[in-house]
Number of protein chains: 2
Amino acid sequence: MELENYRKYSKMARGLEKADLVFKNAQVFLSQTGEFVEGDVAVSDGKILGVGSYDGKEEIDLTGKIICPGFIDSHLHLESTLVTPGELIRQAAQCGTTTFIVDPHESANVSGIQGIDYILAQTEDVPANVYVMMPSCVPATSVDDNGCALTAGKMKSYLNNPRVLGLGEVMDAPSVISGAVSMHEKLRLFEGKVRDGHAPFLSRGDLAAYALAGICTDHECVDYEYAMQERRNGMYVHIREGSAARNLDAIVKGIVENQTDTDGFCFCTDDKHIEEIRREGHINYNVRRSVELGLPVKEALKMATIHAARCYKLEHLGAIAPGYQADFVILDDLETLHVSDVYYRGRKIIRDEALEIKPCSLQLKDTIHIGEFSEENLRLIHPGKKAHVLQMMEGQITTEDVFEDVPRVSSGGTDYFVSDDTYQKISVIERHKNTGKIGVGIVKGFGLRGGAIASSVSHDSHNIIVIGDNDRDMYIAVQELKRTRGGYVLVCGGEVFGTLPLPVMGLMSDAGYETVNELLAKMIPKAHEMGIPKGFDPFITLSFMALPVIPEIRITPRGVYLVNEGRMLKTPFEE
Amino acid sequence: MELENYRKYSKMARGLEKADLVFKNAQVFLSQTGEFVEGDVAVSDGKILGVGSYDGKEEIDLTGKIICPGFIDSHLHLESTLVTPGELIRQAAQCGTTTFIVDPHESANVSGIQGIDYILAQTEDVPANVYVMMPSCVPATSVDDNGCALTAGKMKSYLNNPRVLGLGEVMDAPSVISGAVSMHEKLRLFEGKVRDGHAPFLSRGDLAAYALAGICTDHECVDYEYAMQERRNGMYVHIREGSAARNLDAIVKGIVENQTDTDGFCFCTDDKHIEEIRREGHINYNVRRSVELGLPVKEALKMATIHAARCYKLEHLGAIAPGYQADFVILDDLETLHVSDVYYRGRKIIRDEALEIKPCSLQLKDTIHIGEFSEENLRLIHPGKKAHVLQMMEGQITTEDVFEDVPRVSSGGTDYFVSDDTYQKISVIERHKNTGKIGVGIVKGFGLRGGAIASSVSHDSHNIIVIGDNDRDMYIAVQELKRTRGGYVLVCGGEVFGTLPLPVMGLMSDAGYETVNELLAKMIPKAHEMGIPKGFDPFITLSFMALPVIPEIRITPRGVYLVNEGRMLKTPFEE
């Protein structure tokens, strides 16, 4: 702080001069003590000067209201909301989230360093603190085909970027604990900084070895017991409540039942679609839901603020105290926890303020490269044996590997797999480098009948993924995504029912949230009509079926992958 | 961590190979969750690999015992224990303190940078983590005369020393909040690092301005309400329990009564004599006493470990989890909290192991420079008016400024102040630069009769301070300290009763703890016999009476100083 500024602030903090801005007569939530105290909050130049009794040049009366530090989403991917980053920030900020810890690993998987630069540039002057974790697993594993490889060498120049806080979620646990050179080069590069984890269900010893490598967070745990194992290993637990993965109830119930110290627990969304943010909220939803489950409101608010700030060493965020940044959520009361207003650096965030969508380079809008592709490529010979089937489960992104008999049909002397009410076909088509690789498998539980659903958003390599009950509709879906340079598509009875183009890296639309929302509002109900159970978000769940780091079975351009065994099958009928 | 090492550790953490060292069958205190869990702790090369079920090449059975992270003293001055730094560390480490956050501001006040280098060198290879905070207030204020001035420029080269964590206790609050250039140069130099405070009883606004300057700790608060004010301003509170200042009961009782979240509270000793460490313990005493006062043991242990580690950003200390340093306290049980053994980097600390006292340069052993000095210099003319008297108080280092009539005696036509049972004389003689400055004042409450007590340890400038009921004995005391190049002395009826020479900067003995202890064991009871109430540690309390940053009234080489008014009186009879 410049001395001249300090002198000015000091006079205001001491009440010798009027503060520039004072929030009067509030219940002030002090995350550092867990108290609600009555008083005024003095602010100047976006910085908090003091809490007490203050007069201001400008005064905002908060009688009857609560002022809290702005909320922090401790882990999210901006790309998953389908719109350009500024739009998500705008929506989430209106819900009280003023700090975003972003892992741009979707962009990096498609476009490498250029993808990361895109995210940094798009969020540079948004009304929120946006920090980036450098994607650690690009590609996510060696068994998949993505657009770019991000090595430690390529990351080095980002080390001194003040908006880069460390290494993003380390999904490749086997490389960590076995001591693989390229992984440890990345871990070492970020020594002293935060190294985020992604560690669903490691054994006790493996989890210790994983933490020993310096990885200190995880957002993948789905139950209380495992969350506590991570806490015991010194890790922060980011409780996730997103569109597809909803782990809050399970973990928070455990915290409430066991009266667990909330220290080290934070909130995140990971992947949350913009229409859901509008419907139920963002981190404010995590807070509200936790309180509904019986967590004391002060604990929920600490998790949403100071715990996350501490995790990421953001010493100027997460509390209302002298020197902290003036990011505030104003709550109407502690019962509804309704967000009345939000302030970023002391400036009010205007609800649904018009947003200018920042342009994107043409190169980043031309990333769908598929060469020869025909219906034939989707055919799956049935050798008369049992098949490994991806059993999809409502509300989960994990799958079960079920090995069973599947239906067949004979054609020209050969038996082929054929869909029925139980089983459908799933396929992934490599789309970055025109390699022609196509994997075909079988799913169960998704229930789609009479068409196909496809997406170029397909974690983490973002190839084209398609599920359908007939090859013709699947083919049409893929052709449509070639045409729109990425997107979501729903095909029904030989016709494209609807398409949401996502031309920015095949991940995001730059047509604006309203357009995206209209299209989704038309396509999603239709997808459910076509048989997909309500427990699935059709496109989001689809987008995780190609992610070969989550148990138990996945589809990749190289074939069906059995995650726990680390085994790739060219066809699902291998044993 | 080198990859080769990680690979080795990972195998041990996963139980694929025997760990080098395993603490078996313990109750493991996990400061990160506040839990006691049953298990083994695996260690290699001084690093914790995991907690679980492990076999070791070497095994230490802890059945029935508790293993905790090593304790942290979050703020202390090594010089105050009168022995060379290694000896204090040895004693305190046996009590379970394995990390020391040291402010060498006594040494710096006498010998500047050379004094700091002495502390760093003496503690370089002791069996404990010793970190240094760069003294911020050398001299403590402009109203005093010390040996050296330490500017931001002189500190710069210490910024990248991994053992230097930040800026030491900032005592000069007025310079901070008024925005004085030289103070803010120091604060700015350590931006991003820890800047320790020293903030007894600032007003609400002043405390906000003080915290706004980036100061984030305080160890001076003596009551719960003020401690909470500091917490609300985002500061850490170091609860002090030393030889002279004992604030633990007051603050911890408040925490217990109000069920206050202990987050942000740590323990420190500040100044604690070695014989007291031996008698009642070190940070383990703070823990035990807190539990006696009703604090849950897990909260007391968190304050002694992870809270302090977090405060000083020592991410490898304060917890038992993979990657943390293997510093342990073994407790016999949770009732007595008796320390059975202590480990530093996985190696057991041998009780009273022989210690080689590291040599000290001759220059640092020749720091008492007093020129002409006679009994005449101690005479105090009584103008027949009331005097400002230093009212000393048992168990406190603060004083009260009482303005009252004091006894006099006539000699050669002039009235002089004369001691009686209530009032005695106090004097400070400048000893660094032979300036001849001598301040004379009057004390009450100390009760010394029939002699004089003197010390070259006299915070923070470490001039010679002497209290006596007659000028002859006071003179003899000062002459004795000239002879021994510093120390403690007790003079009784014209004779030196005992002297503890402290030749290292006039602050420390290099004759070994046993010698120091023997001499103190002889001198302290005699001092009490001579009238000093049991509520005072005679020498330690004496050593604070010249500290012009603590209310309300002090003696300096320039005269009597009224702290709250910031006013220097040449004689105590000024109004």
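Just so we're clear, the structure is a prediction, and the values are computed from it rather than from any experiment. In this numbering scheme, every chain counts its residues from 1 along its sequence in written order. Chains carry letters and ligands carry numbers; both start at the beginning, A for chains and 1 for ligands, and go up in the order they are written. With the structure being a predicted model, the display of local features is reserved for residues of pLDDT at least 70 and the display and counting of side-chain atom pairs for 80 or more, all residues being used for whole-chain, interface and lining totals. Here the side-chain values reflect all heavy atoms present in the structure, with hydrogen atoms and water set aside.

Undergrad: Would you mind showing me how to read the environment of E518 of chain B here?
TA: What counts as a helix is a DSSP run of H or I of at least four residues, what counts as a strand is a run of E of at least two, and both are numbered from the N terminus. Within the secondary structure, E518 of chain B is located in helix α15 (residues 513-529). For each residue, the accessible area found with a 1.4 Å probe, counting protein chains only, is set against the maximum for its type, and the residue is called buried under 20%, exposed over 50%, and partly exposed in between. For E518 of chain B, a relative accessible area of 61% corresponds to the exposed category.

Undergrad: Quick question: what am I supposed to make of helix α2 (residues 85-94) of chain B here?
TA: The periodicity of an α-helix, 3.6 residues per turn, causes residues three or four positions apart to be oriented the same way. Residue and element names in this part refer to chain B. Summarising burial for α2: 10 of the 10 residues are buried, a large majority. Considered for burial, the residues of α2 that qualify are P85, G86, E87, L88, I89, R90, Q91, A92, A93 and Q94. Backbone geometry just downstream of α2 places G96 in the positive-phi region, at approximately 105°.

Undergrad: Got a minute to help me understand the packing of helix α7 (residues 204-212) of chain A against helix α1 (residues 3-13) of chain B in this structure?
TA: When two helices pack together, their arrangement is given by the angle between their axes and by how far apart the axes lie. Packing of α7 of chain A against α1 of chain B leaves a shortest axis separation of 8 Å and a crossing angle of 150°. When the axes of α7 of chain A and α1 of chain B are compared, the pair comes out roughly antiparallel. Crossing angle aside, the handedness with which α7 of chain A passes α1 of chain B is right-handed. Mapping the contact onto sequence places G205, A208, A209, Y210 and L212 of chain A in α7 of chain A and Y6, Y9, S10 and A13 of chain B in α1 of chain B. The nonpolar class holds Ala, Val, Leu, Ile, Met, Phe, Trp, Tyr, Cys and Pro. Asp, Glu, Lys and Arg form the charged class, and all remaining residues, Gly among them, are polar. In the contact of α7 of chain A with α1 of chain B, the residues fall into 7 nonpolar, 2 polar and no charged. The axes used here are C-alpha line fits, helices contributing only the stretch in contact, and every angle between their N-to-C directions lies in the interval 0 to 180 degrees. Each angle receives one of four descriptions, namely roughly parallel if under 35 degrees, roughly antiparallel if over 145, roughly perpendicular if within 65 to 115, and oblique otherwise. What makes a crossing left-handed is the near helix being turned counterclockwise from the far one by less than a right angle; a clockwise turn instead makes it right-handed. The contact rule is simple, with two residues in contact once any of their heavy atoms fall within 4.5 Å.

Undergrad: Sorry if this is basic, but what is going on with the interface of chain B and chain A here?
TA: A common measure of how large an interface is: the accessible area buried when the components associate. Each partner contributes to the interface: chain B provides 53 residues, whereas chain A provides 53 residues. Considering only the surface of chain B that becomes buried against chain A, Y6, L212 and R232 of chain B emerge as the three largest contributors, covering 17% of it. A pair is scored as a salt bridge if a Lys or Arg side-chain nitrogen falls within 4 Å of a carboxyl oxygen belonging to Asp or Glu. Joining chain B to chain A, the criterion identifies 12 salt bridges. Close ionic contact of D206 of chain A with R14 of chain B constitutes a salt bridge, the shortest N to O distance being 3.2 Å. N or O atoms closer than or at 3.5 Å make up a polar contact, with two conditions inside protein: a donor-capable atom paired with an acceptor-capable one, and, for residues adjacent in sequence, both atoms drawn from side chains. The interface formed by chain B and chain A holds 28 residue pairs in polar contact (both at pLDDT 80 or more) in total. Considering every element that reaches the side of chain B that touches chain A, the biggest residue donor is helix α7 (residues 204-212) of chain B, with 8 residues. Class assignment for the residues of the side of chain B that touches chain A results in 24 nonpolar, 12 polar and 17 charged. Buried area is calculated as the accessible area (1.4 Å probe) missing from two parts once they are joined, with the contributions of both summed.

Undergrad: What am I meant to see in the packing of aromatic side chains here?
TA: Here a ring pair, both rings aromatic, is described through the centre-centre distance and the interplanar angle of the planes. Side-chain rings of Phe, Tyr and Trp, where Trp is taken by its six-membered ring, are said to pair if the distance between their centres is within 6.5 Å; with planes under 30 degrees apart they count as stacked, over 60 as edge-to-face, and otherwise as tilted. Applying the stated criterion across every chain yields a total of 14 aromatic pairs over all chains. Ring centres of F446 of chain A and F536 of chain A lie 5.5 Å apart, and the angle between their planes is 65°; on these two criteria the pair is classed as edge-to-face. Of this pair, F446 of chain A sits in the loop between β22 (438-444) and β23 (451-455) while F536 of chain A sits in the loop between α15 (513-529) and α16 (538-544), placing them 90 residues apart in sequence. Given the relative accessible area of 2%, F536 of chain A is considered buried. Taking the centre distance of 4.9 Å and the plane angle of 45° together, the rings of F29 of chain B and F36 of chain B count as tilted. In this structure F36 of chain B comes out as partly exposed when scored by relative accessible area, which is 25%. Aromatic ring contacts, followed pair by pair, group F23, F328 and Y343 of chain A into a single cluster. Positioned above the aromatic ring of F497 of chain A, the side-chain terminus of K522 of chain A is 5.2 Å from the ring centre. For a Lys NZ or an Arg CZ to count as sitting over a ring, it must be within 6 Å of the ring centre and within 35 degrees of the ring normal.

Undergrad: Quick question: what am I supposed to make of the nonpolar core here?
TA: As a rule of thumb, nonpolar side chains are buried together in soluble globular proteins. Counting residues in each nonpolar core, the largest one holds 143 residues, and the members touching the most others are V176, Y210, I239, F265, I453, I467 and Y488 of chain B. Here V176 of chain B is in contact with Y6 of chain A together with V170, M183, H184, L187, Y210, A213 and I215 of chain B, once residues within four sequence places are set aside. Nine residue types can take part in a nonpolar core, namely buried Ala, Val, Leu, Ile, Met, Phe, Trp, Tyr and Cys, and a core is a set of them joined through side-chain atoms within 4.5 Å. Counting residues in each nonpolar core, the second largest holds 142 residues, with I215, I251, V329 and V560 of chain A among its members.

Undergrad: What is the right way to look at the sheet that holds strand β12 (residues 236-240) of chain B in this model?
TA: The strands that make up a sheet pair up through hydrogen bonds in the backbone, lying either parallel or antiparallel. All names here are of chain B. DSSP-based pairing: two strands are paired if at least 2 bridges between them are found. Taken in spatial order, the 3 strands line up as β11-β12-β13 in an open sheet, and their pairing is parallel. Sheet topology places β11 (217-218) and β13 (265-268) at the edges, where each strand pairs with a single neighbour. Running at roughly 150° to β12, helix α8 (residues 224-232) makes contact with β11, β12 and β13 of the sheet. Against the sheet, helix α11 (residues 283-292) contacts β12 and β13, and its axis sits at roughly 130° relative to β13.

Undergrad: Would you mind showing me how to read the relation of the copies chain B and chain A here?
TA: Note: a rotation about an axis with an accompanying shift along it relates these two copies of the chain. A least-squares superposition brings the copies together, and it is based on the C-alpha atoms of residues with pLDDT no lower than 70 in both. In the superposition of chain B on chain A (RMSD 0.1 Å, axial shift 0.0 Å), the rotation amounts to 180°. The symmetry that links the two subunits is that of a two-fold axis.

Undergrad: How should the pattern of salt bridges be read in this particular structure?
TA: Any two side chains of opposite charge can pair if their charged atoms end up close together. Under the criterion given, the structure shown has 82 salt bridges over all chains. Taking the shortest distance from any N to any O, the salt bridge between K313 of chain B and E315 of chain A comes out at 2.8 Å. Highlighted residues: K313 of chain B in the loop between α13 (306-311) and β14 (328-331) and E315 of chain A in the loop between α13 (306-311) and β14 (328-331), drawn from two different chains. Close ionic contact of R278 of chain B with D352 of chain B constitutes a salt bridge, the shortest N to O distance being 3.4 Å. Of the two residues, R278 of chain B sits in helix α10 (residues 274-280) while D352 of chain B sits in the loop between β16 (347-348) and β17 (387-392), which places them 74 residues apart along the sequence. Here R278 of chain B falls in the partly exposed class, since its relative accessible area comes to 40%. D352 of chain B gets classed as partly exposed once you look at its relative accessible area, which sits at 39%.

Undergrad: For this particular structure, what's the right way to read the sheet that holds strand β13 (residues 265-268) of chain A?
TA: Residues and elements named next belong to chain A. Overall, parallel pairing links the 3 strands, which are arranged β11-β12-β13 in an open sheet. Lying at the two open borders of the sheet, with one neighbouring strand each, are β11 (217-218) and β13. The sheet contact formed by strand β12 (residues 236-240) and β13 spans 4 bridges and is parallel. Counted as the bridge partner of V237 is F265 from β13. Taken strand by strand, helix α8 (residues 224-232) contacts β11, β12 and β13, and its axis lies near 150° from that of β12. Of the strands in this sheet, β12 and β13 are in contact with helix α11 (residues 283-292), which crosses β13 at around 130°.

Undergrad: Would you mind showing me how to read the pairing of β14 of chain B here?
TA: Side chains on a regular strand alternate between the two faces of the sheet. Residues and elements named next belong to chain B. The alternating pattern of β14 places F328 and I330 on one face and V329 and L331 on the opposite face, and all of these are buried. Direction of pairing for strand β5 (residues 66-69) relative to β14: antiparallel, over a ladder of 4 bridges. The residue of β14 that forms the bridge with P69 is F328. Here β14 pairs with strand β15 (residues 339-344) via 4 bridges, running antiparallel. Residue pairing across strands places F328 opposite Y343, the latter belonging to β15.

Undergrad: What am I meant to see in the environment of V339 of chain B here?
TA: Within the element layout of this structure, V339 of chain B appears in strand β15. When sequence neighbours within four positions are dropped, the list of residues in contact with V339 of chain B reads Q94, C95, N284, V329, I330, L331 and R351 of chain B.

Undergrad: Whenever I open this one, unusual backbone geometry confuses me. Can you help?
TA: Excluding glycine, a negative phi dihedral is what most residues carry, and trans is how most peptide bonds are arranged. At the junction of P551 of chain A and E552 of chain A, the peptide bond is cis and its omega measures out at 0° in the coordinates. Secondary-structure assignment places E552 of chain A in the loop between α16 and β27 (553-556). For D270 of chain B, which is not glycine, the phi dihedral falls at a positive 65°. Checked against the element boundaries, D270 of chain B lands in the loop between β13 and α10. Positive phi, normally seen in glycine, also occurs at R345 of chain B, with a value near 45°. Within the secondary structure, R345 of chain B sits in the loop between β15 and β16.

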